[in-house]
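Fold and geometry: a report
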Amino acid sequence: MASARTTRRRPARPGDVVGKVAAGAIGALLLTACSPSGMTVRPNPETSGTPALVVGTTERIGSLDPAGPTDPASALVQAQVLPTLLRQSDAGGDAIPDLAETAEFTAPDEYTVTLPGGLHWANGHELTSSDVAFSIDRLREIDDPNGAAALLERVTDVDTPNAQTIVFTLVDDDDESFPLALTGAAGTVVDEEVFAPDALTPDRDIVDADAFGGAYRITSWDSEGLVEFTPYIDGARTQRDDGDDEEGQDGEDQEDQDEQEEDASPRGVVILTRFDTSENLALALRQGDVDVAFRGLSPADLAAARGGASQSVIEGPVRDVHALALGGDGPPPAVREAIALLVDRDELARAGYSGLDAPLFAFLPDEVEGSLDLFRTGDVDGAGGPDAAQAREALDAAGIPLPVDLEITVDAAYAGDPIRDVLRVLEAQLERDGLFAVELTEPAPATPSPTPTITATPTATPNPTRTASPTPAERSAPPVFARSVVPDSADPLATLLPFLRLDDRAPTQQGDLDLGALQRRLAADAVAIPLLQGAQTAVVRDGVTGVTLDGSARLRFEQIRFAANGG
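Residues numbered from 1 in each chain as written. Predicted model: local features only at pLDDT ≥ 70, side-chain atom pairs only at ≥ 80, totals over all residues. Heavy atoms only, no water.

What follows concerns the overall build of the chain. Regarding its fold elements, the chain presents 17 helices and 22 strands. For the chain, buried positions account for 58% of its 567 residues. (Helix = DSSP H or I, 4+ residues; strand = E, 2+ residues; numbered from the N terminus. Buried < 20%, exposed > 50% of the residue type's maximum accessible area, 1.4 Å probe, protein only.)

Dropping the structure here:
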């Protein structure tokens, strides 16, 4: 396979200074309050010494440790403070170096990454290939069922011949998607002198040890409310000339952005604050208390931002996948088939997401090469529409009494408020012809799910012929549920893995990385039923520039510039 060699930009120069924080800024920023509703009190630049960029979200931060679950809020924070070997360009496409200096296939089954010399963590510890190997080993050792460890099952060996070189030996030859895996949690590097080798490291331990090597350090930490970031001028991405980020931008757009940035603040302190509702986040954005809203806005607020003059909507190249997942030990095949035949995806997209999302008939988004529309065939009109007559026939043939009771539990704390609208429409679709009796419920507040899921438990009799023992993911959640999959990289396997885990189907053997075969296996048993695909979005107020969502679905704080008096 012909593979281009990618090379990073210049190393850091001793005189480089990016976004210095004036004396007294940290103390002033620590006084920034977050009310129960999530409304922030923006620091006064006259007392803090620097304007602060405020980013708002409704997502919960699961863990600072990249070996944990790969939820969107955790990935957002990790992307600012921990380096990844590779990243994907803002326009998508191939993986390019981030922490790495070079990365290339040196043999059909061998991928070699080199690091620049002289790298250090913020605490002064050396950052070498040993940290990389340690990070890979602990990710696989911890093997969180909702983490990225399974993406590394395609790696048979990790060798570090010297302090700057890492050689990955792969199961399959010419695994072209493997570099994309290294743009997310699977390629995130941690300090081996701080992180535990066989268990998740507590967030407070990471913060107290200053174990950061990204563009920022965390100087104040509250996973439920406010997180404060200050620039780390020796971090991996601040050592790179970011000219590549503007590649493909036309001259007129770049000229406009340059003019806006003349009066914009240099990179400085960033405050990430969590809001309890999308309404509060939208209000803070309108009032100028938030500069960037990342995930969590309602469809109506997104639509308003698209049509407004004071806000802009930024879309990333990676799409979420919303699916009703039934698992391996869920209802019998006839019930699965009936649900699939009753779903009207066009109606879900129109009513639930105000046209901002699109119908999905595959396990992978439409733009992913190799995505198969396996749920578009077998219907009445040939375009993926519902077929109630065929659904009734499937249930009658299996002798299943009607209506089939179906309980859907909505964990809006992780899935977001808008999912309620989608499930209300889905409820009506399933009940429309008398085949199902659906009840929408919510879990007890004290026991939220650890991942962005919506749990659904049918009362139909389980398949008596199935004898496989439950997987770790099935033991931690009911065997039938719906899920919003937010991949942390553009590796197609990152999107498929949550569905593969439902039936213990993670690929581990040579040849298992055939995306077509994996999708057909999932569809054959209707382990999951895809519903919608939605773009990753961020909304910015007027005066904020440089906001991009890269191909790893990550918002990079260091690229953002903003007018200091935006409020």
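Quick look at the pattern of salt bridges now. Any two side chains of opposite charge can pair, so long as their charged atoms come close to each other. Under the criterion given, the structure shown has 11 salt bridges. Note that Arg295 is salt-bridged to Glu59, the shortest N-O span being 2.9 Å. Of this pair, Arg295 sits in the loop between strand 13 (292–294) and helix 9 (299–307) while Glu59 sits in the loop between strand 2 (53–57) and helix 3 (72–81), and the two are 236 residues apart along the sequence. What makes Arg295 buried here is its relative accessible area of 16%. (Salt bridge = Lys/Arg side-chain N within 4 Å of Asp/Glu carboxyl O.)

The next subject is the packing of helix 10 (residues 333–342) against helix 12 (residues 388–397). Packing of helix 10 against helix 12 brings their axes to within 8 Å, and their N-to-C directions diverge by 175°. When the interaxial angle is binned, helix 10 and helix 12 end up roughly antiparallel. Facing helix 10, whose interface residues are Ala334, Val335, Glu337, Ala338, Leu341 and Leu342, helix 12 presents Ala388, Gln390, Ala391, Ala394 and Leu395. Looking at the contact of helix 10 with helix 12 residue by residue, the class counts come to 9 nonpolar, 1 polar and 1 charged. (Axes fitted to C-alpha atoms, helices over the stretch in contact; angles between N-to-C directions. Parallel < 35°, antiparallel > 145°, perpendicular 65-115°, else oblique. Contact = heavy atoms within 4.5 Å. Nonpolar A, V, L, I, M, F, W, Y, C, P; charged D, E, K, R; others polar.)

On to the environment of Val527. Here Val527 shows up in the loop between helix 17 (515–524) and strand 20 (528–541). A sequence separation of 201 residues divides Val527 from Leu326, and the C-alpha atoms of the two residues are 5.3 Å apart.

In this structure, Leu85, Phe168, Ile218, Phe229, Val292, Phe436 and Leu555 are the most contacted members of the largest nonpolar core, which totals 119 residues. Residues contacting Ile218, with those up to four places away along its chain left out, are Leu64, Val77, Val81, Val207, Phe212, Val227, Glu228 and Phe229. Grouped together as the second largest cluster of nonpolar side chains are 17 residues, Phe275, Ala284, Ala293 and Val539 included. (Core = buried A, V, L, I, M, F, W, Y, C linked by side-chain atoms within 4.5 Å.)

This part covers the packing of aromatic side chains. Applying the stated rule across the entire model yields 8 aromatic pairs. The interplanar angle of 70° and the centroid separation of 4.9 Å between the aromatic rings of Phe105 and Tyr111 together place this pair among those described as edge-to-face. Judged by relative accessible area, Tyr111 falls into the buried class, the value being 3%. Judged by centre distance (5.6 Å) and plane angle (85°), the ring pair of Phe363 and Phe375 falls under edge-to-face. Remark: Phe375 occurs in the loop between strand 15 (357–359) and helix 12 and Phe363 occurs in the loop between strand 15 and helix 12; sequence separation between them is 12 residues. (Phe/Tyr/Trp six-rings, centres within 6.5 Å; stacked < 30°, edge-to-face > 60°.)

The linkage connecting Leu402 with the following residue, Pro403, adopts the cis geometry, with an omega of -5°. Mapped onto the elements, Pro403 comes out in the loop between helix 12 and strand 16 (404–409). With phi around 55°, Asp174 is a residue other than glycine that occupies positive phi space. Along the chain, Asp174 turns up in the loop between strand 8 (165–170) and helix 5 (178–181).

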